[in-house]
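The chain contents come next:
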Amino acid sequence: TYQLEVSVSIGIACSCDDPPDSVAELLSRADRALYKSKEDGRNRATVWSPDLARQARRVAQEPPRQQPHAMRLPPVPDDGTAHILVVDDDPIVRQVLERLLSLDHHTVTLAATAHEALDLIADEPDKFHVVLVDLNLGTDSGFDLLDDMKGLEESLIRIVITGNATVDNAIESLRHGAYDFIEKPIIKEQLSAMLERALRYRRLVIENQHY
């Protein structure tokens, strides 16, 4: 059995004691309560109150604090294309993936080893939007690469590609931070649909960081 840890942040707003002017205002209150739950450490519920509203106004009036380098925010993508890093030790697989991704007008960079991939990501932060990682990289492990990429680029969406698509590998990939899992041989339509979902998710993550 596998144990997955999930946290839940909840924001609650009620129209009983202090009725809002509109449904939009009620949703806005619930949204502010939700972000209060996240700020307080997540995995909790927060009920909107006038005190919470006053606190939000007070924070909004404060001068913006300078963000440290580790908190830099990548730009929000504005179209459906991406710069994708493909990490696979098989040159034929790299060529096939490059051709498939180019059909959807994505920019593609190829890497044969985990070390090469990490160097590419570290040299140009925010360059890559999605990385496709093979689980078997010669003497390297795709799981180890997934872990190593976590600290380099938070907004990078990691997708596992493998010819050994077992339930254990799929679950282990998610535990190591993969967004999704796709089996070889890769079908063009399946890959395109997965990347569309991944880029939409990445956009939501970045918009949430900016918010």
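Residues numbered from 1 in each chain as written. Predicted model: local features only at pLDDT ≥ 70, side-chain atom pairs only at ≥ 80, totals over all residues. Heavy atoms only, no water.

Caption draft 1: Structural context of the nonpolar core. Of all hydrophobic cores here, the largest spans 20 residues; its most connected members are Ile84, Leu97, Leu101, Val130, Leu132, Ile159 and Leu191. At the level of secondary structure, the elements contributing two or more residues to this core comprise strand E3 (83-87), helix H3 (91-103), strand E5 (130-134), strand E8 (157-162) and helix H7 (188-210). At five residues, H7 tops the list of elements feeding residues into this core. What leucine 97 contacts, discounting residues up to four positions off in sequence, is Val86, Leu132, Ile161, Ile186 and Leu191. Counting residues in hydrophobic clusters, the runner-up holds 19 residues, among them Leu85, Ala111, Leu137 and Leu156. (Core = buried A, V, L, I, M, F, W, Y, C linked by side-chain atoms within 4.5 Å. Buried < 20%, exposed > 50% of the residue type's maximum accessible area, 1.4 Å probe, protein only. Helix = DSSP H or I, 4+ residues; strand = E, 2+ residues; numbered from the N terminus. Contact = heavy atoms within 4.5 Å.)

Caption draft 2: Structural detail: the side chain of serine 173. Inspection of the secondary structure assignment puts serine 173 in helix H6 (residues 167-175). The class of serine 173 is buried, set by a relative accessible area of 1%. Looking at serine 173, its side chain comes within polar contact range of the main-chain oxygen of asparagine 169, at 2.7 Å. The contact partners of serine 173, leaving out residues within four places of it in the chain, are Leu135, Phe143, Leu146, Val160, Ala178 and Phe181. (Polar contact = N/O pair within 3.5 Å; in protein donor to acceptor, adjacent residues only side chain to side chain.)

Caption draft 3: Summary view of the packing of helix H4 (residues 114-123) against helix H5 (residues 142-150). Interhelical geometry of H4 versus H5 gives an angle of 15 degrees and a closest axis separation of 11 Å. With respect to their mutual orientation, H4 and H5 come out roughly parallel. Pair H4 / H5 crosses with right-handed handedness. Facing H4, whose interface residues are Ala114, Ala117, Leu118 and Ile121, H5 presents Leu145, Asp148 and Met149. Here the residues of the contact of H4 with H5 are counted per class, giving six nonpolar, no polar and one charged. (Axes fitted to C-alpha atoms, helices over the stretch in contact; angles between N-to-C directions. Parallel < 35°, antiparallel > 145°, perpendicular 65-115°, else oblique. Left-handed = near helix turned anticlockwise from the far one by under 90°. Nonpolar A, V, L, I, M, F, W, Y, C, P; charged D, E, K, R; others polar.)

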